[in-house]
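# Examination of the molecular architecture
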Amino acid sequence: MRSTIVYVQSQKLCNDFENRPNFHWFPNARDITSPEIVRKEKVQKLLFLSHLRMDKGLGETLEACRFLPEHCHLDVFGSPMSDTDFSLFDDHPSATYGGVLSPEDVPMILCESDLVLLPSYYEGEGYPGVLIEAFQCGLPVIASRWRVIPEVVTNEECGLLVEPRSASNLRAAIERLLEDPDLYRKLCEGAQRRGEYFRSGPWYNQMAASLNKLVPEKSQYN
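Please read all numbers here as calculations on a predicted model, not as lab measurements.

## Describing the side chain of Ser144
With respect to the helices, strands and loops of the structure, Ser144 is situated in strand β7 (residues 141-144). Note on Ser144: relative accessible area 0%, which makes it buried. In terms of polar contacts, Ser144 uses its side chain to reach the backbone carbonyl oxygen of Ser120, at 2.4 Å. For Ser144, the residues in contact, after removing those within four places along its chain, are Leu118, Pro119, Ser120, Ile149, Pro150, Leu161, Val162 and Pro164.

Structure follows, in structure tokens:
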């Protein structure tokens, strides 16, 4: 608390310490370089990319995607966790588990997808990296209205927010994008803008400028 500057990831944390002017917001997201941003016209390939914790919304995602039309498919990638229920994939009409992705494979998988799903209700959720990475590849998302996720996802601009733990809410949001290509294209454009907003370069430059102000100029006697 005695530090001159304290950087925190979310605006909520800044608000929690609003009486301390030394607290500053710094969204330390990791950048991703998209091989090529191709303008999407409609939703066909959906993606769930996360640790396979059930409280990341894996069960709700698989349940919501049971209704998908034949031309749509859900790809699931991520590290299995102690509570991962792989029986949910048994006889699933539209979902495939693809294993664990290496970091270098993530950009290509994102660019091959049309929509990212993350209806998380994980208690320790901060800024999910996959959402910002999706934006930087021009992909809209459907995520939960949970903790600080709404700081990342602006509803109706770069994605849609749904209630956590609600497969029916998630299903309705997916159906909405399947049936409204104009809205989908609008969210794609908004996603790309949002992704650029979180690019680390300007944020690190801002941090460097703030830190440089704390360094006293060299004395003429030194």
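## Focus on the pattern of salt bridges
Tallied over the full model, the rule gives twelve salt bridges. When the shortest N-O distance is used, the salt bridge between Asp182 and Arg185 registers 2.4 Å. On the criterion of helical spacing, the pair formed by Asp182 and Arg185 is a turn pair, its members being three residues apart in helix α7 (residues 181-197). The class for Arg185 is partly exposed, based on a relative accessible area of 28%. For the salt bridge of Glu196 with Arg199, the shortest nitrogen-to-oxygen distance reads 3.2 Å. Among the residues examined, Glu196 registers a relative accessible area of 42% and is labelled partly exposed. Connected through salt bridges with shared partners, the residues Glu41, Asp182 and Arg185 form a single ionic network.

## Things to note about the state of the cysteines
According to the stated counting rule, one finds zero disulfides in the structure shown. In this structure Cys158 is a free cysteine whose sulfur lies 11 Å from that of Cys188, the closest cysteine sulfur available.

## Some words on helix α4 (residues 129-136)
Burial within α4 is extensive, with eight of its eight residues counted as buried. Of all the residues in α4, the buried ones are Gly129, Val130, Leu131, Ile132, Glu133, Ala134, Phe135 and Gln136. Against the buried residues of α4 lie β3 (45-49), α3 (106-111), β6 (115-118), β7, α5 (149-152) and α7. Following α4 by one or two positions, Gly138 adopts a phi angle in the positive range, close to 75°.

## A short note on the nonpolar core
By size, the foremost hydrophobic cluster in this structure holds 65 residues, and its most contacted members are Leu46, Leu74, Leu131, Ile142, Val153 and Ile174. With residues up to four places along the chain from it excluded, the contact list for Leu46 reads Cys65, Leu68, Cys72, His73, Leu74, Asp75, Leu115, Leu117 and Ile174.

## Section: a negative patch on the surface
Residues Asp83, Asp85, Asp90 and Asp91 make up a contiguous surface patch of negative charge. Here Asp90 is to be found in the loop between β4 (73-77) and β5 (95-97).

## With respect to the packing of aromatic side chains
If you walk through the whole model with that rule in mind, you get ten aromatic pairs. Three or more aromatic residues joined by ring pairs make a cluster, and in this case those are Trp25, Tyr127, Tyr197, Phe198 and Trp203.

## Considering the packing of helix α6 (residues 167-179) against α7
The N-to-C vectors of α6 and α7 enclose an angle of 100°; their axes lie 5 Å apart at closest approach. When the axis of α6 is compared with that of α7, the two are roughly perpendicular. On α7, the residues that touch Arg176, Leu177 and Glu179 of α6 are Pro181, Leu183, Tyr184 and Leu187. Split into classes, the residues belonging to the contact of α6 with α7 amount to five nonpolar, no polar and two charged.

About the thresholds
Residues numbered from 1 in each chain as written. Predicted model: local features only at pLDDT ≥ 70, side-chain atom pairs only at ≥ 80, totals over all residues. Heavy atoms only, no water. Helix = DSSP H or I, 4+ residues; strand = E, 2+ residues; numbered from the N terminus. Buried < 20%, exposed > 50% of the residue type's maximum accessible area, 1.4 Å probe, protein only. Polar contact = N/O pair within 3.5 Å; in protein donor to acceptor, adjacent residues only side chain to side chain. Contact = heavy atoms within 4.5 Å. Salt bridge = Lys/Arg side-chain N within 4 Å of Asp/Glu carboxyl O. Disulfide = S-S within 2.5 Å. Core = buried A, V, L, I, M, F, W, Y, C linked by side-chain atoms within 4.5 Å. Patch = residues over 30% accessible without salt bridge, like charges linked within 9 Å, V, L, I, M, F, W, Y side chains within 5 Å. Areas by Shrake-Rupley, 256 points an atom, 1.4 Å probe, with all protein chains shown as cover. Lys, Arg positive; Asp, Glu negative; His and termini not counted. Charge placed at Lys NZ, Arg CZ, Asp CG, Glu CD. Phe/Tyr/Trp six-rings, centres within 6.5 Å; stacked < 30°, edge-to-face > 60°. Axes fitted to C-alpha atoms, helices over the stretch in contact; angles between N-to-C directions. Parallel < 35°, antiparallel > 145°, perpendicular 65-115°, else oblique. Nonpolar A, V, L, I, M, F, W, Y, C, P; charged D, E, K, R; others polar.

Remember, this is a structural readout, not a statement about activity or role.
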